[in-house]
Amino acid sequence: MKAAWRKYLGARAPRYTSYPSALHFDQSVTARDFTEKLHEIQLYDPLSLYVHVPFCRQLCWYCGCNMRVENDYARARDYVDALIGEIALQARALGGKGRPTSIHFGGGTPNYLSCDDLADILGAIEREVGLTDCADVAIELDPRMLRDGHVGRLASLGFNRFSLGVQDLDPLVQEAINRIQSFDLIESCVSDIRAGGVDDLSFDILYGLPRQSEDSFSQTLDKVIALSPDRVSVFGYAHLPDALPHQRMIDPQTLPDETLRAALSAMADELLTGAGYLRIGFDHYAKPDNALARAALAGRLKRNFQGFTDDAAATQIGFGASAISFVDGLYAQNEKSVAAYKDRVRRGAAPVARGLVRTRREAVIAAAIHDLLCRLEADVGAVLKTSPPADAIRLCSALERFEADGIIRWDGDRIAIVEGAHPLARAVATALDPYAQRQVEYAAAV
Amino acid sequence: MSASASSPVACQAPQRPASCDLCAVRERSICADLGPRELVEVEKTMARRSVAKGRALMQEGEPNDSLYVLVQGGFRLLKHLEDGRRQITGFIFPGDFVGVRPTGASAYTAEALEDSFVCCFPHRFLEAIAERCPGVKDRLIARGQTEYHKAQDHIVLLGKKTAEERVETFLRMVAKSIGHGGDSAVTETPLPMPRQDIADYLGLRLETLSRTLASLKKQGTIRALSRRSVVLAASCE
């Protein structure tokens, strides 16, 4: 990486899985606003569904998700009942309209739930909203909680995309993050998944974890490549102990510095692309025949709350505690606490706690940031047209700096990120984002 | 001329065209409501087209400027999603219509489930006929089902909460459209569409559809079932 680019690596930038980000949601959006938006969905509008399972067996110290360690399965079963109640509730508002094209089970640990309970949730979606064989049904898995026959059962229920939380394969790193899972365990999960006929397997990898070195991380990557997943997501660990108290369990002395983080990120890019993976956006990699790669090559790549996706649906409906929905410019987030969520559903109300109605200007900025992250180019002219003068000047001078450092080039009113500068896509996006000027502590950009 | 259209002489003169005499769906669909003179007008500009199994009559996104009446066979209506996946939005049976309005971009594709015949009425001729014989177009489409009716059927179906209700409603709908005779207890209803199409249309997965069909058979709602046909017990409605 060019020396002039390094200064942007330390910059704090949001992940931009939505714009404006969830940090800006407030109580101005109510359950009623959300329900009214659901009424406007047309008969064959594609829907992207998300189901949040906030339970884990054990706490991983790097985690930034909404989750809790649950030792009493009866409480999880109560939660499943609430989920089924919420699905029925939102389906009534849909009134038979909208067609799910994808369902994603995330967490937490979705496979904390038994196969029977997962089947009940899928059955509720099929019954209440409708589900067809051409929908993608994805699930995030904790390899440590998979038992014999588990994967085959999930595949027979209709799950056809599996994502394994691998993170790092070095035992010393695993110890430092409290997530010990041997290579043999991962290898046997992969062979179970392949035996189940699943042809879309994804790994999550984290760099910037405690005790990671270039040496250890290259070994992790070699092993990952040997297991040949169809996709790999390479995320940077964000150490925010003030916001996430359990991260205090990680000794900051053992964290890689910015230079090492950049080297680890570059190494992942080099080894994965060298092994034949295509880079998708700035942090996903996929085999060229994978659906995500085909979407990217066809210019259909999108970014939603789950990251980069090939799902074409413009409408997202999230079920479960803290899940976020997006319908026609309206973001709605459910109650974050499991107790409050269950309580709202039990009373027969949509459990929406907060949200945001996107302004026309925010929609233009969102589209530009989306293009910048998904296609590494953006229409700045459209953003300038909607910006007040002070913001426009700030935007132009920020982009001038990126241009002077050779990170972007102009083409009329459009900018494009130059080859090799993709890790800085989020940093460039902050130039388009008026909120980013404010002093908010975000995840590290790289 | 339009002035002569209402004269008594003009009304008795024309003969019903021979090709329409042979039409299997005439009495149950469009032309039953047409007077002999209207029928002659319509037949002058109408064309009979055959559509081979699997071929498209109309393509989503392509212009269409004709009204089609299905005479024989069956069609599935479908929409393609951006990434190539598809949604079955309806089925068209003999007597039903597609292309009720001319459009620059069709909202769906109509694909033949089997070798089929349609009568094709170009809208520009229908407009001209409408000037001479007012109301003919309305009467053309007054019977049979249009795509709008089909969409309403679909909403009703998807609003049914159990898989069994959805499947039974669908089978009765097909029986009403193409079943032979009134007593469905003893007559076979053809099912020209593959199971996968039925599952997609009903918002069910193939496995759930198969399980539901088996359960309806066990309960006696379905008397007999084969890949291409079904015999239903008399409805209790």
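My aim in this report is to walk through the structure given alongside it, one point at a time. (Residues numbered from 1 in each chain as written. Chains lettered and ligands numbered in written order. Predicted model: local features only at pLDDT ≥ 70, side-chain atom pairs only at ≥ 80, totals over all residues. Heavy atoms only, no water.)

Concerning the sheet that holds strand β1 (residues 47-51) of chain B
Residue and element names in this part refer to chain B. Rules: In this analysis, strands are considered paired if DSSP registers two or more bridges between them. A run of H or I in DSSP becomes a helix once it reaches four residues, and a run of E becomes a strand once it reaches two; helices and strands are each numbered from the N terminus. Note on contacts: a residue pair is in contact if any heavy atoms of the two residues lie within 4.5 Å. Here the axes come from fitting lines to C-alpha atoms, over the contacting stretch only for helices, and the angles between their N-to-C directions go from 0 to 180 degrees.
Across the sheet, which stays open at both edges, the 4 strands sit in the order β1-β8-β3-β6 with antiparallel pairing between neighbours. Edge positions in the sheet fall to β1 and β6 (97-98), since each of these pairs with one other strand and no more. Across 2 bridges, strand β3 (residues 66-72) lies against β6 in antiparallel orientation. Its bridge partner being in β6, valine 69 is matched across the sheet by phenylalanine 97. Taken strand by strand, helix α5 (residues 123-132) contacts β3 and β8 (116-122), and its axis lies near 55 degrees from that of β8.

Observations concerning the side chain of A:Asn178
Residues and elements named next belong to chain A. Defined as follows: Polar contact is the term for a pair of N or O atoms within 3.5 Å; when the atoms are in protein, one must be able to donate a hydrogen and the other to accept it, and sequence-neighboring residues count only if both atoms are side-chain atoms.
In this structure, asparagine 178 sits in the loop between α6 (171-176) and α7 (183-195). There is a polar contact of 2.7 Å between the side chain of asparagine 178 and the backbone oxygen of leucine 59. Sequence-distant contacts of asparagine 178, that is, excluding residues within four places in its chain, are made with Gln58, Leu59, Cys60, Trp61 and Arg144.

A look at the interface of chain B and chain A
For interface size, the figure often reported is the accessible area lost on association. Keep this limit in mind: Computed with a 1.4 Å rolling probe, the buried area is the accessible surface lost when two parts are put together, summed over both parts. Should a side-chain nitrogen of Lys or Arg be within 4 Å of a carboxyl oxygen of Asp or Glu, the pair is scored as a salt bridge. Classes in brief: Ala, Val, Leu, Ile, Met, Phe, Trp, Tyr, Cys and Pro nonpolar; Asp, Glu, Lys and Arg charged; the others, Gly included, polar.
Each partner contributes to the interface: chain B provides 28 residues, whereas chain A provides 27 residues. Among the residues of chain B in contact with chain A, B:Arg85, B:Lys161 and B:Arg205 are the three that bury the most area, contributing 33% of the side total. Linking chain B to chain A there are 1 salt bridge. Note that B:Arg205 and A:Glu126 form a salt bridge whose closest N and O atoms lie 3.5 Å from each other. For the side of chain B that touches chain A, a count of residues per class yields 9 nonpolar, 8 polar and 11 charged.

Structural notes on the nonpolar core
For soluble globular proteins, the rule of thumb is that nonpolar side chains tend to be buried together. All names here are of chain A. Let me state the cut-off plainly: What is meant by a nonpolar core is a set of buried Ala, Val, Leu, Ile, Met, Phe, Trp, Tyr and Cys residues, joined one to another through side-chain atoms within 4.5 Å. Accessibility here uses a 1.4 Å probe with only protein chains present; expressed as a share of the type maximum, an area under 20% marks a residue as buried, one over 50% as exposed, and anything in between as partly exposed.
Counting residues in hydrophobic clusters, the biggest one holds 79 residues, and the most contacted among them are Ile103, Phe105, Ile121, Phe159, Phe162, Leu164 and Phe203. Non-local contacts of isoleucine 103, meaning those with residues more than four positions away in its chain, are made with Leu49, Val51, Leu122, Ile125, Leu131, Asp136, Val137 and Ala138. With 42 residues, the next largest nonpolar core counts Ala293, Ile365, Val380 and Val428 among its residues.

Here's the deal with the sheet that holds strand β5 (residues 86-92) of chain B
Residue and element names in this part refer to chain B. Spatially, β2-β7-β4-β5 is the arrangement adopted by the 4 strands of the open sheet, whose pairing is antiparallel. In this open sheet, the two strands that pair with only one neighbour each are β2 (56-58) and β5. This sheet shows a mean twist of 35 degrees between the axes of neighbouring strands, independent of strand direction. Direction of pairing for strand β4 (residues 75-80) relative to β5: antiparallel, over a ladder of 6 bridges. Of the residues in β5, the one forming a bridge with leucine 78 is isoleucine 88.

Re the side chain of B:Thr208
Looking at the element boundaries, B:Thr208 is found in helix α10 (residues 206-219). Judged by its relative accessible area of 7%, B:Thr208 is buried. Once residues lying within four places of it in the same chain are set aside, the contact partners of B:Thr208 are A:Glu126 and B:Ala163.

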